[in-house]
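Chain residues, written in single-letter form:
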Amino acid sequence: MIFELNGIMTDGVNPDDESLVKAGIITDCFALAKAIKECNEDITLKINSYGGSVEGGNALSVALSDYWRENRDKKIKIEIGAICASAAANLVAVLCGTIPILVHPESMLMFHSCSGLVQGTPDQLKDEAERMQKINDVVINSLNDNTLLLKEQIASWFEAGREGWLSGMEAVNCHLADGFIDSEFEPMPIIQVGEDVNVKYAAIAAIAVNAKKIMEKTAMDEEKKVIEISRSEERF
């Protein structure tokens, strides 16, 4: 079954917002998480979202993780479309290494620090700041443990006012994504690299070569299709 995470991620919607849900402008993540839990088929989650609610993203992460753990006979994967940013990218970061993640070469992923509006006493503001830092730490630790991105690079993305962008190709190269949508792909083995910079760069180079071969094969396949169509037209 195909589920879609589109537009702005919310943790609930008003009845007046149903038209926005149908138009793909917003997604009620709690409702989507409930639908995933109740599913009894193979699952593909298609993401095309700029992000939104952290709590909504957490609900989806838990639902997908539970489904993967409890239904090992079912296939589950995530496909990233044009954009996967903020809370949507955090969802991918937390699940990478567990659930297959596929991208288009031109897909874009963006990471940054969580933010929010809060009012209250100094202690309340401090508590909220600590909560947001913990949200960041979950994503930072997952990226550091499961990808070939360098720790310093990841940390810089979560500094105030900063953002970190990855293309689909870069996501595959750094092992955040497992391959390309609609392309033949053999996943690279998980490489435990820790913080050894030289080992990380060597691993990145190996994956880049693999990704280049995939892209070249895809281009050849597309060229063959064009030739076949041309020959077919000539016969008519």
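Okay, so let's go over this structure. (Residues numbered from 1 in each chain as written. Predicted model: local features only at pLDDT ≥ 70, side-chain atom pairs only at ≥ 80, totals over all residues. Heavy atoms only, no water.)

What follows covers the overall build of the chain. Broken down by element type, the chain carries eight helices and eight strands. Taken across its 236 residues, the chain has 41% of its residues classed as buried. Contacts in the chain between residues at least 24 apart in sequence constitute 71% of all its contacts with a sequence separation of at least 6. Of the roughly 13500 Å² of accessible surface on the chain, 53% is carried by carbon and sulfur atoms. (Helix = DSSP H or I, 4+ residues; strand = E, 2+ residues; numbered from the N terminus. Buried < 20%, exposed > 50% of the residue type's maximum accessible area, 1.4 Å probe, protein only. Contact = heavy atoms within 4.5 Å. Areas by Shrake-Rupley, 256 points an atom, 1.4 Å probe, with all protein chains shown as cover.)

The subject of this paragraph is the packing of aromatic side chains. Tallied over the entire structure, the rule returns one aromatic pair. Summarising the aromatic geometry, the rings of Phe111 and Trp157 are spaced 5.8 Å apart at their centres and angled 10° between planes, so their arrangement reads as stacked. Linking Phe111 in strand E6 (residues 108-111) with Trp157 in helix H6 (residues 151-157), this pair joins segments that are 46 residues apart in sequence. Judged by relative accessible area, Phe111 falls into the buried class, the value being 0%. A relative accessible area of 5% means that Trp157 is categorised as buried. The ring of Trp68 carries the charged tip of Arg72 above its face, separated from the ring centre by 3.9 Å. (Phe/Tyr/Trp six-rings, centres within 6.5 Å; stacked < 30°, edge-to-face > 60°. Lys NZ or Arg CZ within 6 Å of the ring centre and 35° of its normal.)

Moving on: the packing of helix H3 (residues 54-70) against helix H4 (residues 87-95). Running from N to C, H3 and H4 cross one another at 30°; their axes reach a closest spacing of 9 Å. When the axes of H3 and H4 are compared, the pair comes out roughly parallel. As H3 packs across H4, the resulting crossing turns out to be right-handed. Where H3 abuts H4, its residues Gly57, Leu60, Ser61, Leu64 and Ser65 lie against Leu91, Val94 and Leu95. Here the contact of H3 with H4 is built from residues that sort into five nonpolar, three polar and no charged. (Axes fitted to C-alpha atoms, helices over the stretch in contact; angles between N-to-C directions. Parallel < 35°, antiparallel > 145°, perpendicular 65-115°, else oblique. Left-handed = near helix turned anticlockwise from the far one by under 90°. Nonpolar A, V, L, I, M, F, W, Y, C, P; charged D, E, K, R; others polar.)

Buried residues dominate H4, accounting for eight of its nine residues. Among all positions of H4, only Ala87, Ala88, Ala89, Asn90, Leu91, Val92, Ala93 and Leu95 are buried. Trailing H4 by a residue or two, Gly97 shows a phi angle of about 90°, which is positive.

For the rest of this paragraph, the subject is the nonpolar core. Counting 47 residues, the largest nonpolar core has Phe111 and Leu176 as the members making the most contacts within it. If you tally residues by element for this core, the top one is H4, at seven residues. Not counting the four nearest positions on each side in its chain, Phe111 is found in contact with Ala89, Asn90, Ala93, Val139, Leu143, Trp157, Phe158, Glu163, Gly164, Leu166 and Leu176. (Core = buried A, V, L, I, M, F, W, Y, C linked by side-chain atoms within 4.5 Å.)

So, about helix H5 (residues 122-146). If you check H5, its first and last C-alpha atoms are 36 Å apart, about what 25 residues at 1.5 Å a residue would give, namely 36 Å. Listed as buried for H5 are Glu128, Met132, Ile135, Asn136, Val139, Ile140, Ser142, Leu143 and Asn144. (Expected span 1.5 Å × (residues − 1).)

What follows is about the pairing of E6. Bridging between strand E4 (residues 76-85) and E6 involves three bridges; their strand directions are parallel. Bridging from a neighbouring strand, Ala85 pairs with Met110 of E6. Across four bridges, the pairing between E6 and strand E7 (residues 164-167) is antiparallel. The residue of E7 that forms the bridge with Phe111 is Gly164. (Pairing = 2+ DSSP bridges.)

Close contact between helix H2 (residues 29-38) and H3 brings their axes to 8 Å; oriented N to C, the two are set at 5°. Comparing the axis directions of H2 and H3 gives the class roughly parallel. Where H2 abuts H3, its residues Cys29, Phe30, Leu32, Ala33, Ile36 and Lys37 lie against Glu55, Gly56, Gly57, Ala59, Leu60, Ala63, Leu64 and Tyr67. In the contact of H2 with H3, the residues fall into ten nonpolar, two polar and two charged.

Next up on the list: unusual backbone geometry. In this structure, Ser86 is a non-glycine residue whose phi angle is positive, near 55°. You can see Ser86 is positioned in the loop between E4 and H4. Unusually for a residue other than glycine, His175 sits at a positive phi of about 75°.

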